[in-house]
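# Observations on chain architecture
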Amino acid sequence: MVRLRLQDLGAHHGRHLALSGVNTPSFQGGELVAVIGPNAAGKSTLFKRMAGLLKGPGQLHLDGSAKGPAGICYMPQDTTANAVLTVYESVLLALKQKASWAVHDTDLERIHSVLLSLGIADIGFRNLGELSGGQRQLVSIAQTLVRQPEVLLMDEPTSALDMHRQVQVLGFVRDLARQRGMLVFVALHDLNQALRFADHTLVIADGTVRCSGPSAEVITVQMLREVYQIDARVERCSRGMGHVIVDGVV
Ligand SMILES: Nc1ncnc2c1ncn2[C@@H]1O[C@H](COP(=O)(O)OP(=O)(O)OP(=O)(O)O)[C@@H](O)[C@H]1O
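Just so we're clear, the structure is a prediction, and the values are computed from it rather than from any experiment.

Let's shift gears to the pattern of salt bridges. Tallied over the full model, the rule gives eight salt bridges. Taking the shortest distance from any N to any O, the salt bridge between Glu130 and Arg126 comes out at 3.1 Å. Owing to a relative accessible area of 45%, Glu130 belongs among the partly exposed residues under this scheme. With its nearest N and O atoms 3.4 Å apart, the salt bridge here joins Glu235 to Arg233. The partly exposed category is assigned to Glu235, whose relative accessible area is 36%. One connected set of salt bridges, linked through shared partners, spans Arg233, Glu235 and Asp247.

As structure tokens, then:
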């Protein structure tokens with residue numbers, strides 16, 4: 001089972017140290033970790049550093065991995081696609097990154113299965129340029145999942161999706177994590193989704209970790225006031241799940 005821990009991790013944008021002193025407990029495969037925090041807090045920067053796309057101080061300890069750093073897969077926030085490719089071709093291309101170009105029946109089955117699971121098999125032969133924002137985001141998720149990562153970093157994967165798709169995608173990713181023993185980090189702005197789907201929540205503010213722990217223990221009235229400057233309540237619904245209700249800004 002893959003395990004990942006961050007020790008004093010930091011990241012540079014040019015000369016500027018945008019992220020520093022990020023320490024986490026050891027997370028393990030099967031878990032879903034929500035990464036939350038205000039705009040410009042450093043969530044994408046953290047993911048890029050974890051994926052090896054940015055340099056910086058500190059250590060990422062990865063144990064029990066069969067693929068090593070290649071098993072860490074980053075799904076960026078920006079899903080703009082200019083390439084003249086069909087959905088199917090773009091997912092095939094993602095699957096074949098750093099691998100042999102030979103295409104086998106198993107590859108095609110894997111692509112079909114991912115597209116089906118995300119409910120986009122019907123647009124497999126549409127060009128990327130013709131898709132809606134939400135459809136493009138789903139294709140981007142397919143491109144990431146088809147590579148069967150051990151550690152998946154998803155940067156606001158549901159920001160363009162309708163309510164049905166948000167719940168479908170996050171539920172699917174959480175189930176996949178449990179089935180495959182994949183460790184998933186998801187940057188989210190919807191804290192109710194973090195309460196619903198994430199085992200742990202990591203709060204990033206001003207380029208470092210403000211707090212972390214089980215989602216229900218971390219998403220509190222006090223944290224919302226201090227980190228987000230909002231006046232809010234966290235109330236349990238009839239099914240016992242916590243929900244954030246925002247009353248105003250501080
Ligand atoms: N390529 C870059 N060059 C210089 N500074 C950058 C670059 N990318 C991000 N930054 C800066 O790093 C800081 C953290 O940005 P980051 O994108 O990690 O925030 P975020 O938490 O993901 O925000 P959001 O919720 O708005 O997506 C910001 O101050 C941002 O301006």
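On to helix α1 (residues 43-50), then. For α1, the buried fraction is high: seven of the eight residues fall into the buried class. Buried within α1 are the following residues: Lys43, Ser44, Thr45, Leu46, Phe47, Arg49 and Met50. Count one or two residues on from α1 and you reach Gly52, which has phi positive near 80°.

A separate point is the sheet that holds strand β10 (residues 200-205). An order of β7-β8-β9-β5-β10-β11 is seen for the six strands of this open sheet, with the pairing classed as mixed. The sheet is open, and its two edges are formed by β7 (72-75) and β11 (208-214), each paired on a single side. This sheet shows a mean twist of 15° between the axes of neighbouring strands, independent of strand direction. Here strand β5 (residues 32-36) runs beside strand β9 (residues 183-187); their pairing, made up of four bridges, is parallel. Paired with Val33 across the two strands is Phe185, which belongs to β9.

Criteria and cut-off values
- Residues numbered from 1 in each chain as written.
- Predicted model: local features only at pLDDT ≥ 70, side-chain atom pairs only at ≥ 80, totals over all residues.
- Heavy atoms only, no water.
- Salt bridge = Lys/Arg side-chain N within 4 Å of Asp/Glu carboxyl O.
- Buried < 20%, exposed > 50% of the residue type's maximum accessible area, 1.4 Å probe, protein only.
- Helix = DSSP H or I, 4+ residues; strand = E, 2+ residues; numbered from the N terminus.
- Pairing = 2+ DSSP bridges.
- Axes fitted to C-alpha atoms, helices over the stretch in contact; angles between N-to-C directions.

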